[in-house]
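# Secondary and tertiary structure notes
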Amino acid sequence: MTSRSQARLGRVIALHLFLTPLALVWLFPLWMMVVFSTMPDNGIFSPGIELLPHDNFLDNVANLQRDTNFIGAIGISVSVAVTYTVLSVLLTSMAGWALARYEFHGKGAVVAIIFGTITLPYAVVLIPQFIMVARDFALANTWIALIVPPLFNSLGVLFMRQAFSMMPAELFDAARVEGVKEWRIFLFVAMPLARPMLAALAIILFLASWNNYLWPLLINSQPGAMTAPVALGTLIGLTKVSWGGIMAGAVMLTVPMLIVFVLLQRHFIAGIAAGAVK
Amino acid sequence: MRTQNATAYRFLTPYLLIFAIFWIWPIISSFIISFQATRTVPWRFAPAFNWGRLIGDPAFYNALKNTLLILVIQVPVMIALAIVMAVLLNSPLLKARGLYRFAFFAPVVVGEVAYSAVFRLMFSLDFGIVNKLLNSVGISKIDWFSNVTPAMALIMIAVTWRWAGYNAIIILAGLQSIPEDVYEAATLDRVSRVKQFFHITLPLLKPVIVFCAVLSIIGTMQLFTEPFLITERGGPGGGTETLGLLLYRQGFRSLNFGYASAVAYTMAGLAIAITLVQLWLMREPK
């Protein structure tokens, strides 16, 4: 073996010796979430070190359901996340399309306002949004309250504007020469071409809605109107509560997303790398 | 190109309406509310009411101090870790890359409530797996929830676990956009890899790192769920109280909208100031 390839081998080993423990530490909380969700409560609160799953998962789900209507809350979360994602993708794509492909009065102002306010913390709009939705519109504890206000998110607009402006103009001009209407060009020419970007955006938006906590906590606080994270959050800190149940809930919130992440990793990473949605 | 006002606004209006109602108007409204006394009916204009109280409020200074402390420790540590992760994940020498990527990127999809619950359980005093493991290597157990320093450390550990991979994804994308031939030339000139990292990679990554830092600072500035759920409403005794929690408490527990708006605008002011400093750091060197 030459000294060059020996040095290379040394670097390979050093790299893996450093990265493997770090990866294990990083996976540990997720692993423990799964382990806890399969343990009875007296197992979780026992002095021994348990690092392998047991077989108590379904009992824990039943315990969780006894503490709060989690299955119902999951139903709300799924419906809200799907509706929000469809609406948000549509709204931000339309706006992104207009900003990318047309010249119009006020375009500069619209872009400037979006960019100028994008780094403002969400906390700034929380109070007026709450007053408006809960008091003025009297929409607390409704689906509309969960779905509509978060549609303001402007990062999707910038993401889709970028996607549409990279497409060659000839594609659309050819259709225009044949007299195709603008909305048909958008829907049947531009949108299909933007499929990878739309997938990335949709995944990120779905995830944001699925995991959203603060706004649903404030606006939908009645038991029958809670989303799954809010319902789970109400149990944390209670004294007489099944921690195995809470962990089963955490697993039900997390594992489907992990599977989606593994299957659609490329789109996920594209969405995050483009800063699509924070 | 001729202007196409009608067509453009047909596409733009639905979004602009939502944007105006749920983003632009609340930004203005919140600013106005911060100058109003909101616990009387009707609300009345009282410019010094909330801001005057804020300036003399020990609870505000406590939350501000904690938030800034988390900010100056957690954000740099996390960004440094994210750079290390990204650079190593990008190494051509790495085997089983997919597994490592999964390990570091998986927390990105985990919700705040789910991971707060896990961290709370993992770090509990007598039955938490972390203390059990520390014990088994001879370190006495740490009371993560009753003492301020460990409680703050726990919040920082949790946030770092959740967001390091997110930043690593962005930095990795930045790394992959650096052309290969830059490194080839340096290798031919016998520049060591460590020197290549500090003199080629880091300067070229600067815009991406600043972007990550701005996002992270704005995120940490609003930190709410972790001290709300993990250290139970900012405990022990306000030791992990943040501006986000103060806003929640004032706005939605005491229903003191005016004071909460003043807290919100303090956060906004800090975020804007920090963003401007970052942009200034980013300017082209002359």
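Residues numbered from 1 in each chain as written. Chains lettered and ligands numbered in written order. Predicted model: local features only at pLDDT ≥ 70, side-chain atom pairs only at ≥ 80, totals over all residues.

Let us look at the overall build of chain B. Scanning chain B for helices and strands turns up 12 helices and two strands. When its C-alpha atoms are laid out on the principal axes, chain B stretches across 75 × 75 × 40 Å. Here chain B holds 286 residues, and the buried ones make up 45% of them. Here the contacts in chain B between residues at least 6 apart in sequence split such that 69% fall between residues at least 24 apart. (Helix = DSSP H or I, 4+ residues; strand = E, 2+ residues; numbered from the N terminus. Buried ≥ 20, exposed ≤ 12 C-beta atoms within 10 Å, placed from the backbone. Contact = placed C-beta atoms within 7 Å.)

Turning to the overall build of chain A, a few remarks are in order. Within chain A, the secondary structure is distributed over 15 helices and zero strands. Compactness check: chain A gives a C-alpha radius of gyration of 24 Å against a globular reference of 19 Å for 278 residues, more than 25% above the reference. Here chain A holds 278 residues, and 45% of them are scored as buried. Restricting the contact set of chain A to residue pairs at least 6 apart, pairs at least 24 apart contribute 75%. (Rg over C-alpha atoms; globule rule 2.2 N^0.38 Å.)

The next thing to look at is the nonpolar core. One finds A:Ala250, B:Ala82, B:Ala117, B:Val118, B:Ala168, B:Ile171 and B:Ala264 to be the most contacted residues of the largest nonpolar core, which totals 171 residues. Of all the elements, helix 7 (residues 148-176) of chain B adds the most residues to this core, at 17 residues. Apart from the residues lying within four places of it in its own chain, the contact partners of B:Ala168 are B:Ala82, B:Met85, B:Ala86, B:Leu89 and B:Phe104. (Core = buried A, V, L, I, M, F, W, Y, C linked by C-beta atoms within 7 Å.)

The next point concerns the interface of chain B and chain A. Taken together, the contacts link 80 residues of chain B with 71 residues of chain A. The element that contributes the greatest number of residues to the side of chain B that touches chain A is helix 1 (residues 5-33) of chain B, accounting for 19 residues. Here the residues of the side of chain B that touches chain A are counted per class, giving 58 nonpolar, 17 polar and five charged. (Nonpolar A, V, L, I, M, F, W, Y, C, P; charged D, E, K, R; others polar.)

Our next topic: the environment of A:Asn211. With respect to the helices and strands, the residue A:Asn211 is situated in helix 11 (residues 195-211). Sequence separation between A:Asn211 and A:Ala81 is 130 residues, and the spatial gap between their C-alpha atoms is 9.2 Å.

The next subject is the packing of helix 4 (residues 70-101) of chain A against helix 1 of chain B. Taken N-terminus to C-terminus, the directions of helix 4 of chain A and helix 1 of chain B make an angle of 130 degrees; their axes are 8 Å apart at the nearest point. Accordingly, the angle class assigned to the pair helix 4 of chain A and helix 1 of chain B is oblique. Crossing angle aside, the handedness with which helix 4 of chain A passes helix 1 of chain B is left-handed. Where helix 4 of chain A abuts helix 1 of chain B, its residues A:Leu91, A:Thr92, A:Met94, A:Ala95, A:Trp97 and A:Ala98 lie against B:Ala8, B:Phe11, B:Leu12, B:Pro14, B:Tyr15 and B:Ile18. Of the residues contributing to the contact of helix 4 of chain A with helix 1 of chain B, the split by class is 11 nonpolar, one polar and no charged. (Axes fitted to C-alpha atoms, helices over the stretch in contact; angles between N-to-C directions. Parallel < 35°, antiparallel > 145°, perpendicular 65-115°, else oblique. Left-handed = near helix turned anticlockwise from the far one by under 90°.)

Moving on: helix 1 of chain B. When the terminal C-alpha atoms of helix 1 of chain B are compared, their 35 Å separation across 29 residues is substantially less than the 42 Å that a helix rising 1.5 Å per residue should span. The largest bend along helix 1 of chain B reaches roughly 50 degrees and is located at B:Leu12, with the proline B:Pro14 sitting one to four residues downstream. Looking at helix 1 of chain B, one finds that the buried residues are B:Ala8, B:Phe11, B:Leu12, B:Tyr15, B:Leu16, B:Ile18, B:Phe19, B:Phe22, B:Trp23, B:Pro26, B:Ser30 and B:Ile33. Residues of helix 1 of chain B that are buried in the fold lie against helix 4, helix 5 (107-117), helix 6 (123-136) and helix 8 (155-165) of chain A together with strand 1 (36-37) and helix 12 (257-282) of chain B. (Expected span 1.5 Å × (residues − 1). Bend = angle between axes of the 7 residues up to and from the residue.)

It is worth spelling out the environment of B:Phe228 at this point. Residues and elements named next belong to chain B. In this structure, Phe 228 sits in helix 10 (residues 225-230). For Phe 228, a count of 26 C-beta atoms within 10 Å puts it in the buried group. Put simply, Phe 228 and Thr 240 are 12 residues apart on the chain and 9.0 Å apart in space, counted from C-alpha to C-alpha. Those residues in contact with Phe 228 that lie beyond four places of it in its chain are Arg 233 and Leu 245.

For B:Val148, the position within the fold is in helix 7. Distance in space between the C-alpha atoms of B:Val148 and B:Gly239 is 5.2 Å, their sequence separation being 91 residues.

Next up on the list: helix 9 (residues 169-177) of chain A. The buried count for helix 9 of chain A comes to zero of nine residues, which makes it a mostly uncovered element. Looking at the residues trailing helix 9 of chain A, positive phi occurs at A:Gly179, about 85 degrees.

Moving on: the packing of helix 4 of chain A against helix 11 of chain A. Residues and elements named next belong to chain A. Following both chains from N to C, one finds helix 4 and helix 11 inclined at 140 degrees, their axes separated by 9 Å at the closest point. In this view, helix 4 runs oblique relative to helix 11, as classed from their interaxial angle. Helix 4 and helix 11 meet at a crossing whose hand is right-handed. Within the contact between the two elements, helix 4 uses Ser 77, Val 80, Ala 81, Tyr 84, Thr 85, Ser 88, Val 89 and Ser 93 and helix 11 uses Leu 198, Leu 201, Ala 202, Leu 205, Phe 206, Ser 209 and Trp 210. Considering only residue class, the contact of helix 4 with helix 11 consists of 10 nonpolar, five polar and no charged.

With that out of the way, let us pick up unusual backbone geometry. Residue and element names in this part refer to chain B. Cis geometry is found at the peptide bond from Val 41 to Pro 42, where omega equals -5 degrees. Going from Gly 235 to Pro 236, the amide bond is cis rather than trans, its omega being -5 degrees. Residue placement: Pro 236 occurs in the loop between helix 10 and helix 11 (243-253). Unusually for a residue other than glycine, Ala 96 sits at a positive phi of about 50 degrees. Inspection of the secondary structure assignment puts Ala 96 in the loop between helix 3 (58-89) and helix 4 (97-105). Overall, the presence of 12 C-beta atoms within 10 Å leaves Ala 96 in the exposed class. Non-glycine residue Arg 190 carries a positive phi angle of around 60 degrees.

A word on the confidence of the model for chain B. Mean pLDDT over chain B stands at 91; residues scoring 70 or higher make up 98%. In the predicted assembly, ipTM is 0.91 and pTM is 0.93. (pLDDT = per-residue confidence, 0-100.)

Reading fine detail from the predicted coordinates is not recommended where pLDDT is low. Of all residues in chain A, 98% attain a pLDDT of 70 or more, and the chain-wide mean is 92. Taken element by element, chain A is modelled with least confidence in helix 15 (residues 265-273) of chain A, mean pLDDT 85, and with most confidence in helix 4 of chain A, mean pLDDT 97.

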